[in-house]
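In case you want the letters, here they are:
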Amino acid sequence: DVSVGGHDVLRAWSNPALLSLPGDTYELVGGAGQVLGDEEAMMFGAAWRPSPRTGFGLVFGRHAVRFIEVDSAGAEQNEFMSQTNSPAVIAAGTFGRINVGASLKFIGEATSMAKGVSGFAGDAGLVVAFGAFTAGVAFQNIGAALYQEEPFSSSMTGAEGGGGNLPGELRAGGVHES
């Protein structure tokens, strides 16, 4: 999910620097899908490129999954729902062959089993073009701390707390266009 190719604003979700690559002055895109009836995902995005060297965008992603708990005999016990919503604001610019970008996103997750958590995180990206070859690197979830309105006791960690940290993610990739 590095997405150094492609030509729409949703690729900036993987690397914010991709928003400054050539594209239409205005873009509006969206997509949705369902997997086996129990999982659904959707993304929408809008971009504005006031000049060939700058781009600004808004992206919204939603992921939801429904699952059923069963007992040892296979009888259905409880139905659970988990939903994650993540809107982001993105800005990017081009400096010669180097494209840089940054995003600020809100992450909100709610489940039917526990209180929801939310927080803010940043992403930073860099894309460099060398003729027909383009390389990209992005670091996601910078400063990502999730908070809960009321402290809870986690059965997974046994810890009392009001949230936790998302792990940072480093992504890199390249593409050769002939």
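Further up the page is the structure itself.
Along each chain, numbering runs from 1 in the same order as the chain's sequence is written. It should be noted that, the model being predicted, local features are given only for residues of pLDDT at least 70 and side-chain atom pairs only at 80 or more, the latter also being counted only at that level, while totals for whole chains, interfaces and linings use all residues. Only heavy atoms go into the side-chain values, all of them from the structure, while hydrogens and water stay out.

Draft legend 1. Summary view of the side chain of asparagine 141. Counting through the fold element by element, asparagine 141 comes out in strand β7 (residues 133-153). Here asparagine 141 falls in the buried class, since its relative accessible area comes to 12%. At a separation of 3.0 Å, a polar atom in the side chain of asparagine 141 contacts the side chain of lysine 105. Between two residues, a contact is recorded if the distance between any of their heavy atoms is within 4.5 Å. Among all residues touching asparagine 141, those that are not within four sequence positions of it are Lys105, Ile107, Ala121, Gly122, Asp123, Leu166, Pro167, Gly168 and Glu169. Here a strand is any run of E in DSSP of at least two residues, a helix any run of H or I of at least four, and the numbering for each starts at the N terminus. Working definition: with a 1.4 Å probe on protein chains only, accessible area under 20% of the residue-type maximum means buried, over 50% means exposed, and in between means partly exposed. The term polar contact refers here to a pair of N or O atoms within 3.5 Å; inside protein, the definition further demands a hydrogen-donor-capable atom paired with an acceptor-capable atom, and it admits residues adjacent in sequence only when both atoms are side-chain atoms.

Draft legend 2. Here's a closer look at the pairing of strand β2 (residues 39-51). Pairing of strand β1 (residues 26-35) with β2 involves ten bridges; the strand directions are antiparallel. Residue pairing across strands places glutamine 34 opposite glutamate 40, the latter belonging to β2. Pairs of strands are assigned from DSSP output, requiring at least two bridges between the strands. Hairpin connection of β1 to β2: three residues between the antiparallel strands, including leucine 36 at a positive phi of 55°. Where β2 lies against strand β3 (residues 54-70), eleven bridges are found, and the strand directions are antiparallel. Across the sheet, the residue bridging to alanine 46 is leucine 58, located in β3.

Draft legend 3. Structural detail: the nonpolar core. In plain words, nonpolar cores are sets of buried Ala, Val, Leu, Ile, Met, Phe, Trp, Tyr and Cys residues tied together by side-chain atoms within 4.5 Å. By size, the foremost hydrophobic cluster in this structure holds eight residues: Val9, Leu10, Ala12, Leu19, Ala47, Val59, Ile90 and Ala92. Not counting residues up to four positions away in its chain, the partners in contact with valine 9 are Leu19, Glu27, Val29, Gly45, Ala46, Ala47 and Val59.

Draft legend 4. Quick peek at the layout of surface pockets. Cavities and pockets are defined on a 1 Å grid built over the protein atoms alone: a cavity is a set of grid points where a 1.4 Å probe fits but cannot escape, while a pocket is an open set with protein on both sides within 12 Å along at least five of seven lines, and lining residues are those with an atom within 4 Å of any such point. Grid points are joined across faces, edges and corners, and a volume is the space filled by probe spheres set on the points. Of the volumes computed, that of the second largest pocket is approximately 410 Å³. If you go around the second largest pocket, you meet 18 residues; those closest to its centre are Trp13, Thr84, Ser86, Lys105 and Ile107. Every element with two or more residues in the lining of the second largest pocket is listed here: β2, β3, β4 (76-95), β5 (98-111), β7 and β9 (169-176). In the scheme used here, Gly and all other residues not listed as nonpolar or charged are polar, with Ala, Val, Leu, Ile, Met, Phe, Trp, Tyr, Cys and Pro taken as nonpolar and Asp, Glu, Lys and Arg as charged. For the lining of the second largest pocket, the residue count by class is six nonpolar, six polar and six charged.

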